[in-house]
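Structural description and commentary
Read off the chains here:
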Amino acid sequence: LAVPQLAVHPRDFQDALVAALNDLAVADETVTMFEYCVTRLVWSYLLDAADPSRRSRVGSGSLQAVRPLVTTLLATLAVAGGGDKDTTGRAFSDALRRLYGDAATPDTPRRHSWQQTLDEGWAALDALDPKAKQALVEAMVVSVLHDGTVTPSEAELRRAACGLMHVPLPALLA
């Protein structure tokens, strides 16, 4: 994508573009991982272009404060792997264990879809302390590499999450 070229257009053009991308993503009443990730990355890039200091703020948030959100992110990433229920469950549990030392999940179920939950939480994940961000990215890598393959959906969500948290996308080396 030529996303940097979009930043030179007026704000009303950018807003219309993001709205059109969102409309296209939901036109068939479902949002694929690719559609979700592209729309969020374009939206984030345009916000960063309008306020460059936004992408270089150092956060101080803790992983404990965002555990339900992290749980949703890691569960979504595990499901994106496309494996059977057992494989998905192990990828998810291993990632949670890597991050928190246990695989406990919140007692209360999400009230929203994974997309809504993540949309409401990207700012909190971006506000994490740098070491917490690093640990979260490492847990995401554990989930992605669990079955030895990387699906397009896993790669897309990992890339989007890193972009939305303003951290480098790590190479996947097994």
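Note that the structure is predicted; figures quoted are calculated from it, not measured. Positions within a chain are numbered from 1, following the residues in the order the chain's sequence is written. Local features in this predicted model are restricted to residues of pLDDT 70 or higher, and side-chain atom pairs are both shown and tallied only at a pLDDT of 80 or more, whereas totals for entire chains, interfaces and linings draw on every residue. To obtain the side-chain values, all non-hydrogen atoms of the structure were used and water was disregarded.

**Some points on the packing of helix α4 (residues 67–80) against helix α5 (residues 85–100)**
In the contact formed by α4 and α5, the axes pass within 8 Å of each other and the chain directions differ by 145 degrees. With respect to the hand of their crossing, α4 and α5 are arranged in right-handed fashion. Only Thr88, Ala91, Phe92, Ala95, Leu96, Leu99 and Tyr100 of α5 make contact with α4, whose side of the interface consists of Arg67, Val70, Thr71, Leu74, Ala75, Ala78 and Val79. Axis lines are fitted to C-alpha atoms, over the contacting stretch for helices. Their N-to-C directions set the angle, which ranges from 0 to 180 degrees. Starting at the N terminus, helices and strands are each numbered in turn, a helix being any DSSP run of H or I of at least four residues and a strand any DSSP run of E of at least two. With the far helix as reference, a near helix turned anticlockwise by less than a right angle produces a left-handed crossing, and one turned clockwise produces a right-handed crossing. Note on contacts: a residue pair is in contact if any heavy atoms of the two residues lie within 4.5 Å.

**Overview of helix α2 (residues 11–26)**
Compared with the 22 Å implied by 1.5 Å per residue over 16 residues, the 23 Å span of α2 between its first and last C-alpha is a close match. Remark: exposure states derive from per-residue accessible area (1.4 Å probe, protein chains only) relative to the maximum for the residue type, with buried under 20%, exposed over 50%, and partly exposed in between. Residues Gln14, Val18 and Ala25 constitute the buried set of α2. Down the axis of α2, the buried side of the element spans an arc of 35 degrees, and every buried residue falls inside it. Residues of α2 that are exposed and point over 90 degrees away from its buried face: Asp12, Asp23 and Leu24. Against α1 (3–6) and α3 (33–50) lie the buried residues of α2. In this scheme, a helix's expected span is set at 1.5 Å multiplied by one less than its residue total. Arc, as used here, means the arc of the directions from the helix axis to the C-beta atoms.

**Quick look at the packing of aromatic side chains**
Each Phe, Tyr or Trp ring, with Trp reduced to its six-membered ring, pairs with another whose centre is within 6.5 Å; inter-plane angles below 30 degrees give stacked pairs, above 60 give edge-to-face pairs, and intermediate values give tilted ones. According to the stated counting rule, one finds one aromatic pair in the structure shown. Arranged with centres 5.0 Å apart and planes meeting at 65 degrees, the rings of Tyr36 and Trp114 form a pair that is edge-to-face. Within this pair, whereas Tyr36 is found in helix α3, its partner Trp114 is found in helix α6 (residues 114–126), the two being separated by 78 residues in sequence. Here, a charge over a ring means that NZ of Lys or CZ of Arg falls within 6 Å of the ring centre while also lying within 35 degrees of the ring normal. The ring of Tyr100 carries the charged tip of Arg67 above its face, separated from the ring centre by 4.1 Å.

**Here's the deal with the nonpolar core**
By nonpolar core we mean a set of buried residues, namely Ala, Val, Leu, Ile, Met, Phe, Trp, Tyr and Cys, connected to one another through side-chain atoms within 4.5 Å. Of all hydrophobic cores here, the largest spans 36 residues; its most connected members are Val70, Leu73, Leu74, Leu125 and Leu136. With seven residues, the single largest contributor to this core is α4. The residues contacting Leu136, other than those within four sequence positions of it, are Leu63, Val70, Leu73, Leu74, Leu99, Leu125, Leu128 and Met165. Ranked by size, the runner-up nonpolar core spans six residues in total, among them Leu6, Val18, Val38 and Leu46.

**Notes on the side chain of Asp48**
Tracing the backbone shows Asp48 in helix α3. What Asp48 contacts, discounting residues up to four positions off in sequence, is Arg54, Arg55 and His166.

**Comments concerning unusual backbone geometry**
Even without glycine at this site, Glu29 takes up a positive phi of about 65 degrees. Residue classification places Glu29 among the exposed positions, given a relative accessible area of 78%. Here His166, not a glycine, exhibits a phi torsion of approximately 60 degrees, which is positive. Along the chain, His166 falls in the segment after α8 (152–164). For His166, a relative accessible area of 22% corresponds to the partly exposed category.

**Examining the confidence of the model for the protein chain**
Confidence scores labelled pLDDT are given residue by residue by the predictor and lie between 0 and 100. Confidence in the prediction for the protein chain averages 88 pLDDT; 94% of positions are at 70 or higher. At the level of individual helices and strands, the protein chain shows its lowest average pLDDT in α1, which scores 83, and its highest in helix α7 (residues 130–145), which scores 94.

**Quick notes on the pattern of salt bridges**
Every case where a carboxyl oxygen of Asp or Glu lies within 4 Å of a side-chain nitrogen of Lys or Arg is listed as a salt bridge. Scanning the model with the defined rule gives five salt bridges in all. Across the salt bridge formed by Arg40 and Asp119, the nearest N and O atoms sit 2.8 Å from each other. Taken together, the positions of Arg40 in helix α3 and Asp119 in helix α6 put the pair 79 residues apart, joining distant regions of the chain. With a relative accessible area of 16%, Arg40 lands in the buried category. Measuring nitrogen to oxygen at the nearest pair gives 2.4 Å for the salt bridge that ties Asp102 to Arg67. In this pair, Asp102 sits in the loop between α5 and α6 while Arg67 sits in helix α4, placing the two residues 35 residues apart along the sequence. Asp102 gets classed as partly exposed once you look at its relative accessible area, which sits at 31%. Arg67 sits in the buried class, given a relative accessible area of 13%.

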